[in-house]
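Residue-level structural notes
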Amino acid sequence: MMINKRLIGTVPDSKPYIAGNVALQWLSLLSNAGMIFSCAWFLQQLLEGAAAPRTLALPLAAGLAAVLVRGICTAGAGRMSFLAARSVKRTLRRSIYEKLLRLGPAYSQNVATSEAVQLAAEGVEQLETYFGAYLPQFFYSMLAPATLFALLAPVSLRAALALLVCVPLIPAAIAAVQTFAKKLLGRYWGQYTALGDTFLENLQGLTTLKIYQADGYKQEEMNREAEKFRRITMKVLTMQLNSITIMDLVAYGGAALGMVLAVLEFRAGRIPFWGCFAVIFLSADFFLPMRQLGSFFHIAMNGMAASDKIFTLLDLPEDAPGSGTAAGGTLACRDLRSPTRKGAKCCTAFPWTFPKARSRPSWVKADAAKALWPPC
């Protein structure tokens, strides 16, 4: 399910923020469940005719507390998401920049300038969703159904079990799409970088193209490249829409199944009214986290395709710094003169010989100049 250990290990500073995001979302889920149960208890009291003005205080207090807690948790989760994404962008962009510095001007022999710029800008931006939204949602989407099952199993085991069994169908749909989506998004990023490379090359040679009146030909070439990119983009969007449709069918179908089972058990007298109410209003929460994960999955897949290209750049071999010693012999200079101002004296041109054993710079002092000779 798209857990790239190397990518996560590259940015270890983001792990506490991801854990904090998951914890805040889980606390928000518990507060919502508490509000639903308190409202269900109040309606049960009304149905039995045992309600009193003071019984209204509990659901009101629970509702206000739940709204307050969920507001704080939502703001906190957004903050955690921002901090995780900030750490990722800072770390990866620094790594790309330092890698290009180590490669030197020869980096263009292995990666195009436009591709390096796109990876450092748009590619890293795509990973913001992966760390800030997808990873926290991935862990929360596994924690939420287990928590709700533990809360609803004592109320209606059949309904809770049916809801829990339907939840894995969404990640199964995601896994089925992932194999095809990975290849498609690899082609998408390849076409994206090719289009940027073509545009940069034509822009740099625009003057030459105008001189030789070849700008019209290059314009048609760019139009063809842009059309290829548009088509691959439409294929990506079609894949995403089909995947979303499947996940919606599973999510809403599973929630409806849980509601129907709860109503049937209530009619059979196996569960009280408050239990049926709680199952109906919490059944959607079984699937919403996993459904949200599916939405983040499509954006994160684009980031994963970008991360593959980023690591390809970071893994490029680097030349070792040049070093070495002379194999042997001596260094001789003949007919060498020092340049001076017009009219000034010049040192006499005579041969200088530097033995192999010399290891310190040699200073030659003349009437008009001083020359520093490197070690031999």
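Preceding this section is the structure that the text describes.
The model shown is predicted, which means the values in this text are computed figures rather than measured ones.

The rules behind these values
- Residues numbered from 1 in each chain as written.
- Predicted model: local features only at pLDDT ≥ 70, side-chain atom pairs only at ≥ 80, totals over all residues.
- Heavy atoms only, no water.
- Core = buried A, V, L, I, M, F, W, Y, C linked by side-chain atoms within 4.5 Å.
- Buried < 20%, exposed > 50% of the residue type's maximum accessible area, 1.4 Å probe, protein only.
- Helix = DSSP H or I, 4+ residues; strand = E, 2+ residues; numbered from the N terminus.
- Contact = heavy atoms within 4.5 Å.
- Axes fitted to C-alpha atoms, helices over the stretch in contact; angles between N-to-C directions.
- Parallel < 35°, antiparallel > 145°, perpendicular 65-115°, else oblique.
- Left-handed = near helix turned anticlockwise from the far one by under 90°.
- Nonpolar A, V, L, I, M, F, W, Y, C, P; charged D, E, K, R; others polar.
- Patch = residues over 30% accessible without salt bridge, like charges linked within 9 Å, V, L, I, M, F, W, Y side chains within 5 Å.
- Areas by Shrake-Rupley, 256 points an atom, 1.4 Å probe, with all protein chains shown as cover.
- Salt bridge = Lys/Arg side-chain N within 4 Å of Asp/Glu carboxyl O.
- Expected span 1.5 Å × (residues − 1).
- 1 Å grid on protein atoms, 1.4 Å probe; cavity = no way out; pocket = protein on both sides within 12 Å on 5 of 7 lines; lining within 4 Å.
- Points joined across faces, edges and corners; volume = space filled by probe spheres on them.

**Structural notes on the nonpolar core**
Core analysis: the biggest nonpolar cluster contains 75 residues, and Leu7, Tyr130, Phe131, Tyr134, Ile170 and Phe287 have the highest contact counts within it. Contributing elements (two or more residues each) for this core: helix H1 (5–10), helix H2 (15–48), helix H3 (57–103), helix H4 (113–152), helix H5 (157–166), helix H6 (169–204), helix H8 (215–267) and helix H9 (273–314). Ranked by residue count, the leading element in this core is H9, at 20 residues. Discounting residues that sit within four places of it in the chain, Leu7 has contacts with Leu92, Leu127, Tyr130, Phe131, Met304, Ser307 and Phe311.

**Structural notes on the packing of H2 against H9**
With their axes 8 Å apart at the nearest point, H2 and H9 run at an angle of 150 degrees to one another. On the basis of the axis angle, H2 is roughly antiparallel to H9. Where H2 crosses over H9, the two elements pack in a sense that is right-handed. Judged by residue contacts, Leu29, Asn32, Ala33, Ile36, Phe37, Cys39, Ala40, Trp41, Leu43, Gln44 and Leu47 of H2 engage Phe273, Trp274, Phe277, Ala278, Phe281, Leu282 and Asp285 from H9. Grouping the constituent residues of the contact of H2 with H9 by class yields 15 nonpolar, two polar and one charged.

**Observations regarding the environment of Tyr192**
Along the polypeptide, Tyr192 turns up in helix H6. C-alpha of Tyr192 to C-alpha of Glu225: the two residues are 33 residues apart in sequence and 9.3 Å apart in space. When sequence neighbours within four positions are dropped, the list of residues in contact with Tyr192 reads Gln118, Glu122 and Phe229.

**So, unusual backbone geometry**
The phi angle at Gln213 is positive, at roughly 55 degrees, despite the residue not being glycine. Counting through the fold element by element, Gln213 comes out in the loop between helix H7 (206–211) and H8.

**Digging into the side chain of Asn32**
Positionally, Asn32 belongs in helix H2. Residue classification places Asn32 among the buried residues on the basis of a relative accessible area of 9%. When residues no more than four places from it in sequence are discounted, the contact partners of Asn32 are Arg70, Leu282 and Asp285.

**Observations regarding a nonpolar patch on the surface**
Side chains of Ile3, Phe139 and Met142 sit close together on the surface and give an oily, nonpolar patch of about 270 Å² of accessible area. Mapped onto the fold, Phe139 is located in helix H4.

**Focus on H2**
Helix length check: H2 (34 residues) gives 50 Å between terminal C-alpha atoms against 50 Å at 1.5 Å per residue, within 8%. One or two residues past the end of H2 sits Gly49, with phi positive at roughly 75 degrees.

**Some points on the pattern of salt bridges**
Opposite charge on two side chains permits them to pair, given that their charged atoms come into close proximity. Scanning the model with the defined rule gives ten salt bridges in all. A salt bridge links Lys89 to Glu128; the shortest N-O distance between them is 3.6 Å. Within this pair, whereas Lys89 is found in helix H3, its partner Glu128 is found in helix H4, the two being separated by 39 residues in sequence. Under the relative-accessibility criterion, Glu128 is labelled partly exposed at 30%. Between Glu227 and Arg230 there is a salt bridge, with the nearest N and O atoms lying 2.7 Å from each other. Highlighted residues: Glu227 and Arg230, both in helix H8, separated by three residues, approximately one helical turn. If you follow the salt bridges from partner to partner, you end up with Lys89, Arg93, Glu125 and Glu128 in one network.

**Some words on the layout of surface pockets**
Counted as a void, the largest pocket has a volume near 390 Å³. Gln25, Ser28, Leu29, Arg70 and Tyr140 are, among the 15 residues lining the largest pocket, the residues nearest its centre. Of all the elements in the fold, those that place two or more residues in the lining of the largest pocket are H2, H3, H4 and H9. For the lining of the largest pocket, the leading source of residues is H2, giving five residues. For the lining of the largest pocket, the class distribution of residues is seven nonpolar, six polar and two charged.

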